[in-house]
Protein chains: 2
Amino acid sequence: MTTPTTPVLGTRRVCQIAVVVRDIDRAARHWSTFLGLPIPPTITTASGDKVGQTYLGEPSNARCKLAFFQMDNTVIELIEPLGGASSWQAVLDEKGEGVHHIAFTITDTAGRTRSLAEQGLSVMHQGGDPATGQFTYIDSRDKLGVIVELLEGYK
Amino acid sequence: MTTPTTPVLGTRRVCQIAVVVRDIDRAARHWSTFLGLPIPPTITTASGDKVGQTYLGEPSNARCKLAFFQMDNTVIELIEPLGGASSWQAVLDEKGEGVHHIAFTITDTAGRTRSLAEQGLSVMHQGGDPATGQFTYIDSRDKLGVIVELLEGYK
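Residues numbered from 1 in each chain as written. Chains lettered and ligands numbered in written order. Predicted model: local features only at pLDDT ≥ 70, side-chain atom pairs only at ≥ 80, totals over all residues. Heavy atoms only, no water.

Novice: Help me understand the pairing of strand E1 (residues 16–20) of chain B, please; the structure alone is not making it clear to me.
Specialist: Side-chain direction in a regular strand flips from residue to residue, so the side chains alternate between the two faces of the sheet. Residues and elements named next belong to chain B. A large share of E1 lies buried, amounting to 5 of its 5 residues. Judged from the 5 bridges that link them, E1 and strand E7 (residues 98–105) form a sheet pairing that is antiparallel. Bridge pairing in E7 links Ile 17 to Ile 102. Summarising the sheet, E1 and strand E6 (residues 75–81) pair through 4 bridges and their orientation is parallel. Counted as the bridge partner of Val 19 is Leu 78 from E6. (Buried < 20%, exposed > 50% of the residue type's maximum accessible area, 1.4 Å probe, protein only. Helix = DSSP H or I, 4+ residues; strand = E, 2+ residues; numbered from the N terminus. Pairing = 2+ DSSP bridges.)

Laid out in structure tokens, this is it:
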């Protein structure tokens, strides 16, 4: 096999490691103690139907609560699903608490997702808006063992 | 609640994100294509009974195969269990493929594990030898949503 030289993503930096949890306030308290960092504010996302969210190809009104711990070299994100059909809830239901995805900051979501589709890695859950940027979860579980997220234009 | 200022770990750098998989050669091929990095060599660990390995307090002869992708800011590790009682096999059996742990490079494993035990975070799986260093998996699943690994003296 030849050595691959063209990363599909255009980056080799993991910008977030995201853990889906049942109770974000409880998890944030424990992470705060563990890391020696202040408890971060939680953010509740807009209802999915306001931001063009889709899950498995269907419109979704899912929301979640998020909290972010800034580490020295990456970010640890906590996610609590708040109802609606989503990969957050599906992973929590299927596997319990655990890492939901590993994220990469990219450009050209449309082009990257086309390239990934050629590798058999398809979009499972997508949303976001022009103000905050776009998230795209790729169902890479069968091939990579974990979902990956493409983030474009996030503030 | 006061702002925590003393990290139990002494670090806020995630040094590895480890994914447990059933077939490391297959997973490494897919990650290689995805990241645009060469397929790394796989390493087979010493039998656990040769390196003082314990799992849930009992000696373990477990082994695994490992592969490492060096990212710009961290390392993505793949783990394939090769038999014997281990957290690698237990997580794979219970949840299927997915992130097994997030790792931190630390000093003073004994002191850190005592501090973590006071937070209700106990050692679940430990091993390594003076030549390569020591790994300690903490069963932080209930509190943090994911296992964390303490690595000391790894080359």
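Let us keep going from here.
Novice: What is the right way to look at the pattern of salt bridges in this model?
Specialist: Oppositely charged side chains can pair when the atoms bearing their charge come close. In this structure the tally under the stated criterion is 8 salt bridges over all chains. Note that Asp 139 of chain A is salt-bridged to Arg 141 of chain A, the shortest N-O span being 2.9 Å. Residue class for Arg 141 of chain A comes out partly exposed when judged on its relative accessible area of 28%. For Asp 142 of chain A, the salt bridge goes to Arg 26 of chain B, with nearest N and O atoms at 2.9 Å. In this pair, Asp 142 of chain A is assigned in helix H4 (residues 141–144) and Arg 26 of chain B in helix H1 (residues 24–35), connecting two distinct chains. Exposure remark for Arg 26 of chain B: the relative accessible area of 26% places this residue in the partly exposed category. (Salt bridge = Lys/Arg side-chain N within 4 Å of Asp/Glu carboxyl O.)

Novice: Explain the sheet that holds E6 of chain B to me, please; I cannot follow it from the model alone.
Specialist: Sheets are built from strands that pair by backbone hydrogen bonding, the pairs being arranged parallel or antiparallel. All names here are of chain B. The sheet built from 10 strands is open, its strands ordered E2-E5-E6-E1-E7-E10-E9-E8-E3-E4 with mixed pairing. One side of each edge strand has no neighbouring strand; the edge strands of this open sheet are strand E2 (43–44) and strand E4 (58–59). For strand E3 (residues 54–55) and strand E8 (residues 122–129), the ladder comprises 2 bridges, and the chain directions are antiparallel. The residue bridging Thr 54 from the neighbouring strand is Gln 126, located in E8. In this fold helix H2 (residues 87–95) packs onto E1, E3, strand E5 (64–70), E6, E7, E8, strand E9 (133–139) and strand E10 (147–152), with an angle of close to 85 degrees to the strand it touches most, E6. (Contact = heavy atoms within 4.5 Å. Axes fitted to C-alpha atoms, helices over the stretch in contact; angles between N-to-C directions.)

Novice: Would you explain the environment of Ala 46 of chain A in this entry?
Specialist: All names here are of chain A. Note that Ala 46 resides in the loop between strand E2 (43–44) and strand E3 (54–55). Judged by relative accessible area, Ala 46 falls into the partly exposed class, the value being 39%. The sequence separation of Ala 46 and Asp 129 amounts to 83 residues, and the corresponding C-alpha distance is 9.6 Å. Apart from the residues lying within four places of it in its own chain, the contact partners of Ala 46 are Val 51, Ala 62 and Arg 63.

Novice: Please explain the sheet that holds strand E5 (residues 64–70) of chain A as it appears in this structure.
Specialist: Residue and element names in this part refer to chain A. Across the sheet, which stays open at both edges, the 10 strands sit in the order E2-E5-E6-E1-E7-E10-E9-E8-E3-E4 with mixed pairing between neighbours. Each edge of the sheet is formed by a strand with only one pairing partner; in this case those strands are E2 and strand E4 (58–59). Docked against the sheet, helix H2 (residues 87–95) engages strand E1 (16–20), E3, E5, strand E6 (75–81), strand E7 (98–105), strand E8 (122–129), strand E9 (133–139) and strand E10 (147–152), running at close to 85 degrees with respect to E6.

Novice: Explain helix H3 (residues 109–118) of chain B to me, please; I cannot follow it from the model alone.
Specialist: Given 3.6 residues per turn, any residue in an α-helix points the same way as the ones three and four places further on. All of the buried residues along H3 of chain B are Thr 109, Gly 111, Arg 112, Thr 113 and Leu 116 of chain B. At its buried positions, H3 of chain B is contacted by helix H1 (24–35) of chain A together with E8, E9 and E10 of chain B. Following H3 of chain B by one or two positions, Gly 120 of chain B has its phi on the positive side, about 80 degrees.

Novice: Please explain the interface of chain B and chain A as it appears in this structure.
Specialist: Interface size is commonly expressed as the accessible surface area that is lost when the partners come together. With 48 residues of chain B in contact, the opposing surface of chain A contributes 48 residues. Summed over both partners, the interface of chain B with chain A comes to about 4,200 Å²; 65% of that surface belongs to carbon and sulfur atoms. In this structure, the connection of chain B to chain A is made through 2 salt bridges. For the side of chain B that touches chain A, the secondary-structure elements that each account for two or more residues are E1, H1, E7 and helix H4 (141–144) of chain B. Per-element tally for the side of chain B that touches chain A: the top contributor is H1 of chain B, with 9 residues. Per-class residue counts for the side of chain B that touches chain A are 25 nonpolar, 13 polar and 10 charged. (Buried area = accessible area lost by both parts, 1.4 Å probe. Nonpolar A, V, L, I, M, F, W, Y, C, P; charged D, E, K, R; others polar.)

Novice: Would you take a moment to explain the relation of the copies chain B and chain A for this structure?
Specialist: Put simply, the two copies of the chain differ by a rotation about an axis and a shift along that axis. Under the fitted operation, chain B is carried onto chain A by 0.0 Å of movement along the axis and a turn of 180 degrees, and the coordinates agree to an RMSD of 0.0 Å. Look at the turn and shift together and you get a two-fold axis relating the two. Both copies share a contact surface, since 100% of the interface residues of chain B are interface residues in chain A too. (Least-squares fit on C-alpha atoms with pLDDT ≥ 70 in both.)

Novice: In this structure, what is going on with the packing of aromatic side chains? I would like to understand it.
Specialist: Within a pair of aromatic rings, the relevant descriptors are the distance that separates the centres and the angle that separates the planes. A full pass over the atoms with the stated rule returns 10 aromatic pairs over all chains. Each ring, one from Phe 34 of chain A and one from Phe 104 of chain B, has its centre 5.8 Å from the other, and the planes form 75 degrees; the classification is edge-to-face. Of this pair, Phe 34 of chain A sits in helix H1 while Phe 104 of chain B sits in strand E7, placing the two residues on different chains. Of the two residues, Phe 34 of chain A and Phe 104 of chain B, both sit in the buried class. Arranged with centres 5.8 Å apart and planes meeting at 85 degrees, the rings of Trp 31 of chain B and Phe 34 of chain B form a pair that is edge-to-face. One end of the pair is Trp 31 of chain B and the other is Phe 34 of chain B, both in helix H1 and 3 residues apart, which spans about a single turn. Like Phe 34 of chain B, Trp 31 of chain B is buried. An aromatic cluster is built from Trp 31 and Phe 34 of chain A together with Phe 104 of chain B, whose rings are joined through pairwise contacts. (Phe/Tyr/Trp six-rings, centres within 6.5 Å; stacked < 30°, edge-to-face > 60°.)

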